[in-house]
Amino acid sequence: MNKITAAITAVGAYVPDFVLSNQVLETMVDTNDEWITSRTGIKERRMLKEEGQGTSFMAIRAAQNLFEKAGIDPKDIDLVIMATATPDMPVASTGVYVATQIGAVNAFAYDLHAACSSFLYGMSTASAYIESGRYKKVLLIGADKMSSIIDYTDRATCIIFGDGAGAVLFEPNAEGLGFQDEFLRSDGVGREFLKIEAGGSILPASEETVKNKQHYVFQDGKTVFKYAVSGMADVSEKIMERNNLSKDDINWLVAHQANKRIIDATANRMGLDDEKVLINIQKYGNTTSATLPLLLSDFESQLKKGDNIIFAAFGGGFTWGAIYLKWAYNKQ
């Protein structure tokens, strides 16, 4: 009997309509288009501006987009995993709400939070559920409303992040396609370099924490960049070695879209030419949990059945890793 693997069989996405360009940012903080583009590769990012709409709003629409494209009945979904760093609210799971709103009435759901690696870790989790044989359809959603935790007077962070959502469906595969291997890492040394200081159990919200802007993202850019470059490149090279993959065997690198220079460094370590590296950071910036599925959505028509894909991500905490997956279908 063939081993059952977990394959991605459908993709969906959603990004808000409002575009925050580098030119607009020039009017908000001391920066300019040339500086942002040369250091990050970002030209614009999307923002969810409507009052009362959170991460779940985008997640629901990404899931609905997937259902419509693939002709999936939400009642057939067994599990919804919500990868996010910006849940709608504390305690009440965003994934549970999303599952109910999309009509996945037969699924259980929960949130998974590993900063910018949330979706990558979610891929590992979804695949394990499928390979266990207990579940047939696992919906993995990556969504973040980063604009809700960014200080738009802080030029170190406001130029980087955007809002968006993407979703993929994992199903069993008997052809040897889908999930092949993973190399996931974490290191608590990163806690001080990329964080939101207040609002948790150590420093609960107060008038003082709000006044001090401690509910916004803080990033020590140089340190995070250094760790991200070495971390993403190391795990990507490691997973190639472990699976006896040469640069010619790899069809695509699907890397977290945090900084163009980090993506380039990872591709260089893997020996990949530019045409094998999927990039949309110029359009969306860093959408955290949504970057990987947004790439799959944007480039879905170019992905062919049997393609060897390396996914790589790096996030706060620190969390990072790489996954090797064989693409399972051709877009109709």
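What you see is a predicted model, and the numbers here were worked out from it, not measured in a lab.

Calculation criteria
Residues numbered from 1 in each chain as written. Predicted model: local features only at pLDDT ≥ 70, side-chain atom pairs only at ≥ 80, totals over all residues. Heavy atoms only, no water. Helix = DSSP H or I, 4+ residues; strand = E, 2+ residues; numbered from the N terminus. Expected span 1.5 Å × (residues − 1). Buried < 20%, exposed > 50% of the residue type's maximum accessible area, 1.4 Å probe, protein only. Contact = heavy atoms within 4.5 Å. Arc of directions from axis to C-beta. Polar contact = N/O pair within 3.5 Å; in protein donor to acceptor, adjacent residues only side chain to side chain. Phe/Tyr/Trp six-rings, centres within 6.5 Å; stacked < 30°, edge-to-face > 60°. Lys NZ or Arg CZ within 6 Å of the ring centre and 35° of its normal.

(A) Focus on helix H5 (residues 118-131). If you check H5, its first and last C-alpha atoms are 20 Å apart, about what 14 residues at 1.5 Å a residue would give, namely 20 Å. Restricting attention to buried positions, one finds in H5 the residues Ser 118, Phe 119, Leu 120, Tyr 121, Gly 122, Met 123, Ser 124, Ala 126, Ser 127, Tyr 129 and Ile 130. Backbone geometry just downstream of H5 places Gly 133 in the positive-phi region, at approximately 85°.

(B) Up close: the side chain of His 256. Tracing the backbone shows His 256 in the loop between strand S11 (252-255) and helix H9 (260-270). Owing to a relative accessible area of 2%, His 256 belongs among the buried residues under this scheme. With residues near it in sequence (within four places) discarded, His 256 still touches Cys 116, Met 232, Ile 263, Asn 286, Thr 288, Thr 291, Leu 292, Ala 312, Ala 313 and Phe 314.

(C) Molecular detail of helix H4 (residues 94-101). Among the residues of H4, Thr 94, Gly 95, Val 98 and Ala 99 are the ones counted as buried. The buried residues of H4 all sit within an arc of 135° when viewed along its axis, so they share a single face. Turning to H4, the residues buried within the fold contact helix H3 (55-70), strand S4 (79-83), strand S5 (108-112) and strand S6 (138-145). Measuring from the backbone nitrogen of Gly 95 back to the side-chain oxygen at the start of H4 gives 3.3 Å, which picks out Ser 93 as the cap.

(D) Fine view of the packing of aromatic side chains. Under the defined criterion, the tally for this structure stands at 11 aromatic pairs. When the ring of Phe 193 is compared with that of Tyr 227, the centres are 6.4 Å apart and the planes differ by 25°; the resulting orientation is stacked. Of the two residues, Phe 193 sits in the loop between strand S8 (178-186) and strand S9 (194-195) while Tyr 227 sits in helix H8 (residues 221-242), which places them 34 residues apart along the sequence. Classification of Phe 193 as partly exposed rests on a relative accessible area of 21%. For Tyr 227, a relative accessible area of 28% gives the class partly exposed. Through successive ring pairs, a cluster of aromatic residues spans Phe 193, Tyr 227, Phe 314, Phe 318 and Trp 320. The ring of Phe 57 has Arg 61 sitting right over it, with the charged end atom 3.7 Å from the ring centre.

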